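# Per-entry structural report
Spelled out, the chains give:
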Amino acid sequence: MKIRFVRKLQVNDVVAKDILSGEGKTLIKQGIKITRQSIKFLRENLILYIYIEDEALNDIQTDPVLDNLKQKTLAKLPRIFGSIYTGNYTDARQDLESVDELINHIFEKKWVNTNMYEIKTYDNYTYIHCLDTSIMVAFIGLEMKYEKSKLRDLCIAAILHDIGKIKIPNNILNKKSKLTDEEFELIKMHSVYGKEILEKVPFCTESIIQGVYQHHERIDGKGYPTRTYDDEIGEFAKIISICDVFTAVSANRSYRQRFSPNDAYELILAGSGTKFDEGMVQKFRNVFFIYPLGACVKLTNGVEGYVVRQNKFFADRPVVRIIYDVNTQQKVDIYEINLLEHPNIAVESII
Ligand SMILES: [Fe+2]
């Protein structure tokens, strides 16, 4: 399978992975052929790219177990948020067991052989956003050599990082036009509300609460709610802040189109040492890759192809299966270039 931007979809392309809405509802099922109506439908749902079948790329596999676990957890998130907010902690704790399954799976896998961008094919919505963030932090936690219980706390902090938004009116949260200063100040209160809500929850540890409270603090002291500097910001918050920004900017927002995955990645690297902790950004680079599996890329030597494998620790140097030569404008006999072995060649762009 490969990634195709919706604007480049063609009639009869075959959907290779279920396309989900922000609430986790299936919009178009795997195996369905694309029609003109479905392209229109995807555009209306602000979907930027999807996975489609391609025989030459049949060996690209994402992780179906992780997909299932994600859907299962996603279905429970509204209830988890509701139970915590209303003080029904026994139910919340029980529902959070699906998070354990997710963590166990990630813990066994050890590194992201899968594609973090696959979770980014739908629009932004609080629950999806929280789940995406949580899965990303889990992989960084693994890279930090966290033991399972600490990893679990980190994931729970990430899942609940925006729970305070429950107290902000929906018309402000979903406002399509620019926020007024007063409205923005109110939205900023969600970190404080989150802390207040979680302080009453028996299974929320100090580090979970701190992670939620500080997830918008920045190491240059320009974050909120308390403009805390580097040393005073907890490790959970430092990890969550990176993943929160990454998932937020690579999703649709009501007020702008989303970034391409590589733009979101660059934004994180650009914030290293000012917004984000340098060491954590390094962990992020170790674990996540700039160009998603199945993405079509143009290389600086004038050939085009698809990302088929990644090289761990080398975020920008994947293995590319070449299918086309821009110079001769001809298809070529398929071959692979491992960019790790060709330092003189780089990815020029995602196409
Ligand atoms: Fe937030």
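Refer to the structure above for everything that follows.
First things first, this report covers the structure right here in the doc. (Residues numbered from 1 in each chain as written. Predicted model: local features only at pLDDT ≥ 70, side-chain atom pairs only at ≥ 80, totals over all residues. Heavy atoms only, no water.)

Each regular strand displays side chains that alternate between the two surfaces of the sheet. Residues of strand β4 (residues 49–52) alternate between two faces, with Tyr49 and Tyr51 on one and Ile50 and Ile52 on the opposite face, all of them buried. As defined by bridge partners, strand β1 (residues 2–5) adjoins β4 across four bridges and the pair is classed as antiparallel. If you follow Phe5 over to β4, its bridge partner there is Tyr49. (Buried < 20%, exposed > 50% of the residue type's maximum accessible area, 1.4 Å probe, protein only. Helix = DSSP H or I, 4+ residues; strand = E, 2+ residues; numbered from the N terminus. Pairing = 2+ DSSP bridges.)

Take the state of the cysteines next. For the structure shown, the criterion picks out zero disulfides. Free cysteine: Cys130, not disulfide-bonded; nearest cysteine sulfur from Cys155 at 12 Å. (Disulfide = S-S within 2.5 Å.)

Before going further, it helps to examine helix α5 (residues 126–143). For α5, with 18 residues, the first-to-last C-alpha span of 26 Å sits near the 26 Å given by 1.5 Å per residue. Counting buried positions along α5 yields 17 of 18 residues, so the element is predominantly enclosed. Phi for Lys145, located one or two positions after α5, is positive at around 65 degrees. (Expected span 1.5 Å × (residues − 1).)

The coordination sphere of the iron ion contains the protein donors Asp162 (OD), His190 (NE2), His215 (NE2) and His216 (NE2), at a distance range of 2.2 to 2.3 Å. Taken together, the four donor atoms coordinating the iron ion span angles of 83 to 171 degrees at the metal, a pattern that classifies the geometry as irregular. The motif formed by the donor residues of the iron ion, counted along the single chain, is D-x27-H-x24-H-H. Of this pair, Asp162 sits in the loop between α6 (148–159) and α7 (170–173) while His215 is found in the loop between α10 (206–213) and α11 (235–249), placing the two residues 53 residues apart along the sequence. (Donors = N, O, S within 2.8 Å, 3.2 Å for Na, K, Ca; no water. Tetrahedral: all angles 85-135°; square planar, octahedral: opposite > 155°, others 65-115°.)

A word on the pattern of salt bridges. Within the structure shown, the criterion is met by 18 salt bridges. Notably, a salt bridge pairs Asp13 with Arg4, separated by 3.0 Å at the nearest N-O pair. Taking the shortest distance from any N to any O, the salt bridge between Arg152 and Asp100 comes out at 2.3 Å. Of this pair, Arg152 sits in helix α6 while Asp100 sits in helix α4 (residues 97–109), and the two are 52 residues apart along the sequence. Taking relative accessible area as the criterion, Asp100 reaches 22% and is therefore assigned partly exposed. In the salt-bridge network here, residues are joined through shared partners; they are Asp230, Lys238 and Asp277. (Salt bridge = Lys/Arg side-chain N within 4 Å of Asp/Glu carboxyl O.)

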